[in-house]
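Structure at a glance
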Amino acid sequence: MMLDSAGKWIIAFAFGAVMVGMYSWSRFDEPSCDSQSEYFSRYKPRFSTSYGRYARAKWAYVGAMIVMYVAFSLMPELFTTVSSIGAGSDASKTIDGLPLAVALALVTLQNVPGLKELEKRIRGFLHSVARIPDCVRRTVAQMRSSPFTFEQGVYQCQTRKLVGQPGAATALTGDLGKLREDDEILHTWYCVGGVLAALSERRRDGAGIDPIFFANYRDELDSIAAKHIALVELVREHVGEFLKGGNPTDLGTLSEVRDLRDRLYTFVACGVHSTVRNEADSLDVVARLGFVIADEPGKGQGHAIGPLAGLSFISLAMLSIFTGYSTQAFSEFVVQHIGSDWLPGLGIPTGTLGLFAWTWLTAAFYFSTIFGALAVRNARIARREWFDLNDLNRERPLLRYVTPIMVGTALGNTTLSIIAVIGARMSSGETGAAIAGALPWFPLATVMAAIVVVLSDGRLIEDGFWRSTAARAALGALIMVLIGFLTSRLSIPMSLAAFAVGNKIDLTPAVLRIGTYTSLFIAAQIGLFAFVLCVIAQVAERYITRGRLPAAAGKLVELITRQGPEFSVVLDDACEASLFAANRTEKNITAAGCRGRWQLFPEGMAVKWSAGSGEGYCKVGEFGLIRRYGDAVIYEGYVGQFSAKKKPVFDARVDERSNDNRMSSKRRREVRASAGVQPVLKTAAAVGSVVEEIRT
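I will try to describe carefully the structure that is included in this document. Every chain begins its residue count from 1, and numbering advances along the sequence as written. Residue-level local features of this predicted model are given only where pLDDT is at least 70; pairs of side-chain atoms are given and counted only at 80 or more, and the full residue set underlies all totals for whole chains, interfaces and linings. Calculated side-chain values reflect all of the structure's heavy atoms, with hydrogen atoms and water omitted.

Digging into the overall build of the protein chain
- Counting secondary structure elements, the protein chain contains 23 helices and 8 strands.
- Here a residue-residue contact requires only that any non-hydrogen atoms of the pair lie within 4.5 Å. Here the analysis covers contacts within the protein chain between residues at least 6 apart in sequence; of these, 72% occur between residues at least 24 apart.
- Method for areas: the Shrake-Rupley scheme with a 1.4 Å probe, in which residue coverage is limited to the protein chains shown. Total accessible area computed for the protein chain in this model is approximately 32,800 Å², and 60% of it derives from carbon and sulfur atoms. Secondary structure elements follow DSSP: runs of H or I of four or more residues count as helices, runs of E of two or more count as strands, with numbering from the N terminus.

Considerations on the pattern of salt bridges
- Each reported salt bridge corresponds to a side-chain nitrogen of Lys or Arg within 4 Å of a carboxyl oxygen of Asp or Glu. Summed over the entire model, instances satisfying the criterion amount to 18 salt bridges.
- Three or more residues are tied together by salt bridges with common partners; here these are Arg 144, Arg 261, Asp 262 and Asp 651.

Some remarks on the environment of Asp 281
- Looking at the secondary structure, you find Asp 281 in helix H13 (residues 279-288).
- To sort residues, take the accessible area from a 1.4 Å probe on protein chains only and compare it with the maximum for the residue type: under 20% means buried, over 50% means exposed, and anything in between is partly exposed. Classification of Asp 281 by relative accessible area gives partly exposed; the value is 35%.

Focus: the packing of helix H8 (residues 184-198) against helix H12 (residues 251-273)
- Note on geometry: axes are C-alpha line fits, over the in-contact stretch for helices, and angles between N-to-C directions span 0 to 180 degrees. In contact at an axis separation of 9 Å, H8 and H12 are set at 30° when each is read in the N-to-C sense. In terms of orientation, H8 lies roughly parallel with respect to H12. For the element pair H8 and H12, the recorded crossing hand is left-handed. Of H12, the residues touching H8 (which contributes Glu 184, Ile 185, Thr 188, Trp 189, Cys 191, Val 192, Val 195 and Leu 196) are Thr 253, Leu 254, Val 257, Arg 258, Leu 260, Arg 261, Leu 264, Tyr 265 and Val 268.
- Side-chain classes follow a simple rule in which Ala, Val, Leu, Ile, Met, Phe, Trp, Tyr, Cys and Pro form the nonpolar group, Asp, Glu, Lys and Arg form the charged group, and the remainder, Gly included, forms the polar group. Split by residue class, the contact of H8 with H12 holds 12 nonpolar, 2 polar and 3 charged. Throughout this description, any angle smaller than 35 degrees is read as roughly parallel, any larger than 145 degrees as roughly antiparallel, any in the 65 to 115 degree range as roughly perpendicular, and the remainder as oblique. Crossings are assigned a handedness: left-handed for a near helix turned anticlockwise from the far helix by less than a right angle, right-handed for a clockwise turn.

Comments concerning the packing of aromatic side chains
- The aromatic pairing rule takes the rings of Phe, Tyr and Trp, using the six-membered ring of Trp, and pairs them if the centres are within 6.5 Å, calling planes under 30 degrees apart stacked, those over 60 edge-to-face and the rest tilted. Following the criterion strictly, the structure yields 27 aromatic pairs and no others.
- Taking 5.1 Å as the distance between ring centres and 35° as the angle between the ring planes, the aromatic pair formed by Tyr 155 and Tyr 190 counts as tilted. On the criterion of sequence distance, the pair formed by Tyr 155 in helix H6 (residues 152-163) and Tyr 190 in helix H8 is long-range, its members being 35 residues apart.
- Classification of Tyr 155 as buried rests on a relative accessible area of 16%.
- Aromatic pair Phe 365 and Tyr 366: ring centres 4.9 Å apart, planes at 50°, arrangement tilted.
- Owing to a relative accessible area of 5%, Phe 365 belongs among the buried residues under this scheme.
- The class for Tyr 366 is buried, based on a relative accessible area of 2%.
- Grouped by ring-pair contacts, the aromatic residues Phe 148, Phe 150, Tyr 155, Trp 189, Tyr 190, Tyr 265 and Phe 291 constitute a single cluster.
- Distance and angle both matter: a charge sits over a ring if NZ of Lys or CZ of Arg is within 6 Å of the ring centre and within 35 degrees of the ring normal. Sitting over the ring of Phe 214, Arg 204 keeps its end group 4.4 Å from the ring centre.
- Sitting over the ring of Phe 465, Arg 542 keeps its end group 4.1 Å from the ring centre.

Re the pairing of strand S7 (residues 632-638)
- Burial within S7 is extensive, with 7 of its 7 residues counted as buried.
- Side chains Ala 632, Ile 634, Glu 636 and Tyr 638 project from S7 onto one buried face, and the interleaved Val 633, Tyr 635 and Gly 637 project onto a second face that is buried too.
- Two strands qualify as a pair provided that DSSP identifies no fewer than 2 bridges between them. Pairing of strand S6 (residues 623-629) with S7, which is carried by 7 bridges, proceeds in the antiparallel orientation. Pairing of Gly 624 across the sheet is with Gly 637, part of S7.

Quick notes on helix H20 (residues 465-503)
- Between the first and last residue of a helix there are one fewer steps than residues, each counted as 1.5 Å, and that sum is the expected span. Taking 1.5 Å of rise per residue, the 39 residues of H20 would be expected to cover 57 Å, and the 53 Å separating its terminal C-alpha atoms lies within 8% of that figure.
- In the stretch just after H20, Lys 504 is the one whose phi turns positive, near 55°.

Overview of a nonpolar patch on the surface
- Exposure above 30% relative accessible area and the lack of any salt bridge qualify a residue for a patch; like charges then connect within 9 Å, and the nonpolar side chains Val, Leu, Ile, Met, Phe, Trp and Tyr within 5 Å. Among the surface-exposed residues, Ile 11, Phe 15, Leu 100 and Leu 104 lie close enough to one another that they form a single nonpolar patch of about 360 Å² accessible area.
- Within the residue set of the nonpolar patch, elements represented by two or more residues are helix H1 (5-27) and helix H3 (98-108).
- For Ile 11, the location among the structural elements is in helix H1.
- Judged by relative accessible area, Ile 11 falls into the partly exposed class, the value being 39%.

Considering the environment of Lys 116
- Of note, Lys 116 is situated in helix H4 (residues 113-129).
- It is 9.8 Å that separates the C-alpha atoms of Lys 116 and Leu 106, two residues lying 10 residues apart in sequence.

Brief notes about the nonpolar core
- Only buried residues count toward a nonpolar core, which is a set of Ala, Val, Leu, Ile, Met, Phe, Trp, Tyr and Cys residues joined through side-chain atoms within 4.5 Å. One finds Val 335, Tyr 366, Met 448, Val 452 and Met 480 to be the most contacted residues of the largest nonpolar core, which totals 61 residues.
- Of all elements in the fold, only helix H14 (305-333), helix H15 (343-346), helix H16 (352-382), helix H17 (402-426), helix H19 (442-456), H20, helix H21 (509-548) and S6 reach the threshold of two or more residues within this core.
- If one sorts the elements of this core by residue count, H21 sits on top with 12 residues.
- If we ignore the near neighbours within four places in the chain, the residues touching Met 448 are Tyr 366, Thr 369, Ile 370, Met 480, Ala 530, Leu 533 and Cys 534.

Quick look at H8
- Compared with the 21 Å implied by 1.5 Å per residue over 15 residues, the 21 Å span of H8 between its first and last C-alpha is a close match.
- H8 sits mainly inside the fold: 14 of its 15 residues count as buried.
- What qualifies as a polar contact is a pair of N or O atoms within 3.5 Å, subject to a donor-acceptor requirement within protein and to the restriction that residues adjacent in sequence count only when both atoms come from side chains. The residue sitting at the N-terminus of H8 and contributing the capping side-chain oxygen is Asp 183; that oxygen lies 3.5 Å from the backbone nitrogen of Ile 185.

Considerations on empty space enclosed by the protein
- Space inside and on the surface of the protein is sampled on a 1 Å grid over the protein atoms alone, with a cavity defined as a set of points where a 1.4 Å probe fits but cannot get out and a pocket as an open set with protein on both sides within 12 Å along at least 5 of 7 lines; lining residues have an atom within 4 Å of a point. Grid points are joined across faces, edges and corners, and a volume is the space filled by probe spheres set on the points. In total, this model carries 5 cavities of 30 Å³ or more according to the counting rule given.
- In this structure, the second largest cavity encloses a volume near 80 Å³.
- Surrounding the second largest cavity, Met 143, Arg 144, Ser 146, His 187, Thr 188, Cys 191, Arg 261, Tyr 265 and Arg 562 form its lining.
- Those elements that provide at least two residues to the lining of the second largest cavity are helix H5 (134-144), H8 and H12.
- It is H8 that contributes the most residues to the lining of the second largest cavity, 3 residues altogether.
- A breakdown of the residues in the lining of the second largest cavity according to their chemical character gives 3 nonpolar, 3 polar and 3 charged.

As structure tokens, then:
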């Protein structure tokens, strides 16, 4: 049987889609992170997160590449149709093998600078959606800040390696027990040895890490073990100076030991996250290796995504019923004045299936637009490139809105084009003409993307949240109603004119008047869709942001490292922060000489410290970020600037006190007054009094 041109095009399109999908499936497992200092790029992304997150992101990546392939495949037909309108030529001709050529180009031209950067951005964004390498980074921070339990046999074995042969020139004599806890170099070296012992071949079956991971990265683990042995001489020399009463500052040895620790902890974190299904299981595996993970209250919002998705589906299902019945009523009571033959010209579907399909395809168009815009925004938030964290600037980053709006527009319009093509193929219509008919509706994607980005950057207000959410959603819906009316007023008369010419019937003033009514009706439907989607977007952003933010505002928090509570931080309601060194022996606190300010961002709670006199910079970094990850809260300190690509100079677990410890602004002023401190001048004694009040 001979195939016509359309049949050949469809076969070529299907083969091309399969080719692009298979290539993208393997391409996704290539690292997109270039942070060499954190060793992420040594591991395939599938070992850096849970299987569920990785699978969802992988399917999304394959879908994105296929969407790109579809867009490139349909673009020539669109140009052919547009040019034929002015030249009066035949627009029905298609290039049968074009989709296959586009697929070959996408597969073979991945090293071309433009396509390579675009593909890497898409892959990197979906990696960040799957928390790659954010999962690994947070687990490494938790291990660094947690105490380690040394098994007696492993500890004795490590000590024998370090002490050396009795009588040798470099042999150590003395008690290493107390020094191991106080000296960072010695403690880190022992921790690395303890973890390596737990990962040894005879014990790794009980570690809870997938054997496939060990098989893939056996060489990396062997290299870490060899480096641990090679550092024995440097550590022995450092400890020897201590035992002789000296106070050595071996910055080179400290740097090498820290790098080895981070390298091993990254190995462990990748192995853990490639095995477990949730955060609680990952902490359980880490605890099996010897780390003491503190129990955290279950305050994370990670489980809110499922209910939000269900709520969105239910809302759209109810909306589809309403829009379906309202469209049917409009057809019966308004359009019937000119006859039902004009329904195709007005673009109004007929039949129950057509009505519901129209609603859900419209929802797909808007959802793809919103997803594209918010996906870029959240990816930049994960990289800390959205708000100006370094200056604690919470103003809207208007210039950064361009990229998410453009991506949302492109994704939404591509979805709309695909819907138009599918409809044309199913009705034996012209593909190019269908896409040309969808062109007037393209601005809706741009406006919708801009609205959701602006709404998502609104401040998180707990009091009156639903009232303010409804008001902002209503404003967004009114804007969409206006744009929808202008768009439909442009599209419907053109559609009616083409329908009248094609069917050789007169376009009367009554038909044009019904076209105006139809424009108003469609604009109202667009506004209803926009209102529901704006509410869903704001609610989702609220729960996602609350899942990142700690409940630390106005409270005293403790920064806990492997040695226990190291610092206490007072974050008062006036956005001022004070840092204290915890005195574990006297059970009180003394001033550490660092003050600063804090601000809430979607990335977390950012703190900018200013060191006291005589200090180069604050001991916890010039900048600090307190962020919730699952049920744990982590503090990361940076020098120079906030950056997702820089290693933190200080990290610790955060112990949040209960809300009962919050102090009102009035009570804080009373305490300062009783200490003889003016309201503007805040001395260490005044803040110390505040902290004592909070503690009691």
